[in-house]
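Structural features, examined
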Amino acid sequence: MVKQHTDGTLILAAAATDSIVGVLQNKPAVGASALVRFGGTTKVVAGGTIAVGAFVTSDSSGLAVATTNAGDVVIGQYLGTASAASGDIIEIVMTKFKY
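This section reports on the structure supplied with the text. (Residues numbered from 1 in each chain as written. Predicted model: local features only at pLDDT ≥ 70, side-chain atom pairs only at ≥ 80, totals over all residues. Heavy atoms only, no water.)

1. Side note on the side chain of T67
Its place among the elements puts T67 in the loop between β7 (64–66) and β8 (73–78). A polar contact of 2.4 Å, which involves the side chain of T67, links it to the side chain of D72. The residues touching T67, leaving out its near neighbours within four places in the chain, are F55, V56, T57, D72, V74 and Y99. (Helix = DSSP H or I, 4+ residues; strand = E, 2+ residues; numbered from the N terminus. Polar contact = N/O pair within 3.5 Å; in protein donor to acceptor, adjacent residues only side chain to side chain. Contact = heavy atoms within 4.5 Å.)

2. Observations concerning the sheet that holds strand β6 (residues 55–58)
In spatial order, the strands read β5-β9-β8-β6-β7; together these 5 strands make up an open sheet with antiparallel pairing. Where the open sheet ends on each side, the last strands, each with one partner, are β5 (41–45) and β7. For this sheet, the mean inter-axis angle between neighbouring strands, taken without regard to orientation, is 50 degrees. The sheet contact formed by β6 and β7 spans 3 bridges and is antiparallel. Residue pairing in the sheet places V56 in a bridge with A66 of β7. (Pairing = 2+ DSSP bridges. Axes fitted to C-alpha atoms, helices over the stretch in contact; angles between N-to-C directions.)

3. As for the sheet that holds strand β2 (residues 10–12)
Strand order in the open sheet formed by 4 strands is β2-β1-β3-β4, with antiparallel pairing between adjacent strands. The strands lining the two open edges of the sheet, one partner per strand, are β2 and β4 (36–37). Relative to β4, strand β3 (residues 20–24) runs antiparallel, the two being bridged by 2 bridges. For L24, the partnering residue across the bridge sits in β4 and is V36.

4. Observations concerning the environment of V73
With respect to the helices and strands, the residue V73 is situated in strand β8. Residues V73 and E91, spaced 18 residues apart in sequence, show a C-alpha to C-alpha distance of 18 Å. With residues near it in sequence (within four places) discarded, V73 still touches A16, T17, D18, S19, I20, V56, T57, K96, F97 and K98.

The values are spatial; any link to function lies outside them.
This is the structure:
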């Protein structure tokens, strides 16, 4: 998950309260173009246990974690049929809002 830096570039989100703008789809070298998904469905890496249907945000490493905390920025909702564990690649439907 990425956010916009003050210099206009995109950097990894580092907190659930960051203004997350989308999900990085590639691994660009420094200064190269980033491919970012802003809507639809996308795959992310789980940073912890995520229940089916849970809303997700970013942890300090840019990984998806479940949230229901006031002030957190939600980037999507987990679409799986079973709970996900840390390190799992999961699919989310992107829907941005702030708890």
